[in-house]
Amino acid sequence: MKRILSIALMAVAALTANAQNIQLHYDFGRNIYPDEEDGRQKVTVTVEQFKADKWGSWYYFVDLDLSNKFFKSAYTEISREFNFGKNCPFAAHIEYDGGLSEAAGSFQHAALVGAAYNGHNADFSKTWSVQLMYKRFFKSYETTEAYNSVQLTGVWGINFANRKCTFSGFIDFWRGENWRPGKEGNGMLVILTEPQFWYNVTPNISFGSEIEISNNFIYNFYSDKSFFINPTVAFKWTF
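A brief structural summary.

Thresholds applied
Residues numbered from 1 in each chain as written. Predicted model: local features only at pLDDT ≥ 70, side-chain atom pairs only at ≥ 80, totals over all residues. Heavy atoms only, no water. Phe/Tyr/Trp six-rings, centres within 6.5 Å; stacked < 30°, edge-to-face > 60°. Helix = DSSP H or I, 4+ residues; strand = E, 2+ residues; numbered from the N terminus. Buried < 20%, exposed > 50% of the residue type's maximum accessible area, 1.4 Å probe, protein only. Lys NZ or Arg CZ within 6 Å of the ring centre and 35° of its normal. Salt bridge = Lys/Arg side-chain N within 4 Å of Asp/Glu carboxyl O. Core = buried A, V, L, I, M, F, W, Y, C linked by side-chain atoms within 4.5 Å. Contact = heavy atoms within 4.5 Å. Polar contact = N/O pair within 3.5 Å; in protein donor to acceptor, adjacent residues only side chain to side chain.

### Brief notes about the packing of aromatic side chains
1) Next: Counted under the stated rule, the structure contains 11 aromatic pairs.
2) Next: Taking 4.6 Å as the distance between ring centres and 20° as the angle between the ring planes, the aromatic pair formed by Phe137 and Tyr147 counts as stacked. With a gap of 10 residues between them, Phe137 in strand β7 (residues 126-137) and Tyr147 in strand β8 (residues 147-160) connect regions that are remote in the sequence. Tyr147 shares its class with Phe137; the two are buried.
3) Next: For the ring pair Trp237 and Phe239, a centre distance of 4.7 Å and an interplane angle of 40° mean the geometry is tilted.
4) Next: Owing to a relative accessible area of 42%, Trp237 belongs among the partly exposed residues under this scheme.
5) Next: Feature note: the residues Phe61, Tyr75 and Phe107 constitute an aromatic cluster, connected by ring pairs.
6) Next: The ring of Phe82 is capped by Arg80, whose NZ or CZ atom sits 4.7 Å from the centre of that ring.

Below is the structure:
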């Protein structure tokens with residue numbers, strides 16, 4: 001889980017102006033790809049919060065990847081949106097992505113700025129967002145280079161079965177720099193999506209799964225494989 005952007009929080013925030021949850025994921029990626037994902041974490045703890053105010057909204061999440069002895073990495077995304085007007089679906093979007101990693105010392109940090117189109121149905125059981133942003137990657141460690149990019153993001157949240165079930169997630173497209181030997185410096189399309197399904201035992205307790213589907217996202221030096229599907233089983237507490 002490098003990104004768990006749950007716009008379903010907007011449905012709660014519409015009434016409370018503040019929604020927060022903590023998630024625990026057990027990841028099966030290393031079992032499915034024992035060679036290509038030998039170093040992938042099996043347990044991730046995620047904390048995320050959405051908070052609306054009179055100017056727009058704040059959103060952040062932190063992913064903590066755990067090993068048997070210590071945290072392997074900590075990754076965060078923090079975003080701020082400013083509405084263009086009351087009841088206007090358009091908003092200005094500013095975002096920071098980055099964190100610390102045992103393997104490289106840090107993730108490659110990035111700043112994003114652009115526009116978002118947000119919407120929902122009458123009872124907030126369906127919510128969605130589309131974001132188009134300029135993305136600037138910074139040189140974060142020796143093997144990285146600073147470069148410009150563009151990112152297109154789609155986010156959705158659907159509650160159904162009397163809100164006992166939730167289907168939510170996001171999909172990202174961005175231009176990345178090719179890291180494969182012999183292809184360094186060439187651009188490539190990176191795709192990452194993480195749909196989630198939750199069964200809500202109560203309004204606060206949920207069990208479910210997330211499936212990370214990606215292409216050109218995972219650093220794989222074992223083979224030429226670039227497309228991966230990594231499922232999890234998960235628990236969520238909303239408070």
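### Observations regarding the pattern of salt bridges
1) Next: Enumeration over the complete set of coordinates arrives at 5 salt bridges.
2) Next: A salt bridge links Arg40 to Glu212; the nearest nitrogen and oxygen atoms lie 3.2 Å apart. Taken together, the residues span a long stretch of sequence, with Arg40 in the loop between α2 (29-32) and β2 (43-52) and Glu212 in strand β12 (residues 205-215) at a distance of 172 residues. For the pair formed by Arg40 and Glu212, the shared burial category is buried.
3) Next: A salt bridge links Asp53 to Arg80, with the shortest nitrogen-to-oxygen separation between them at 2.7 Å. Residue Asp53 is located in the loop between β2 and β3 (56-66), and its partner Arg80 is located in strand β4 (residues 71-83); the two are separated by 27 residues in the primary sequence.
4) Next: According to the relative accessible area criterion, Asp53 is partly exposed, its value standing at 27%.
5) Next: If you follow the salt bridges from partner to partner, you end up with Asp27, Glu37, Arg40 and Glu212 in one network.

### What to know about the nonpolar core
1) Next: Grouped together as the largest cluster of nonpolar side chains are 14 residues, with contacts concentrated most on Phe137, Trp174, Val190, Leu192 and Phe217.
2) Next: Going through the elements one at a time, β8, β9 (165-177) and β10 (187-193) are the ones with two or more residues in this core.
3) Next: Ranked by the residues each element gives to this core, the list is headed by β10, at 3 residues.
4) Next: Phe50, Tyr59, Tyr75 and Phe107 belong to the second largest nonpolar core, which has 5 residues in total.

### Details of unusual backbone geometry
1) Next: Backbone geometry places Ala161, a non-glycine residue, at a positive phi of 55°.
2) Next: Phi at Asn162 takes a positive value of approximately 55°, unusual for a residue other than glycine.
3) Next: For Asn162, the position within the fold is in the loop between β8 and β9.

### Some details on the environment of Ser209
1) Next: With respect to the helices and strands, the residue Ser209 is situated in strand β12.
2) Next: Assessed through its relative accessible area of 25%, Ser209 is described here as partly exposed.
3) Next: A sequence separation of 14 residues divides Ser209 from Pro195, and the C-alpha atoms of the two residues are 8.5 Å apart.
4) Next: In this view, Ser209 contacts Pro195, Gln196, Phe197 and Thr232; residues no more than four positions away in its chain are not counted.
5) Next: In this structure the side chain of Ser209 is engaged in a polar contact, spanning 2.6 Å, whose partner is the backbone oxygen of Thr232.

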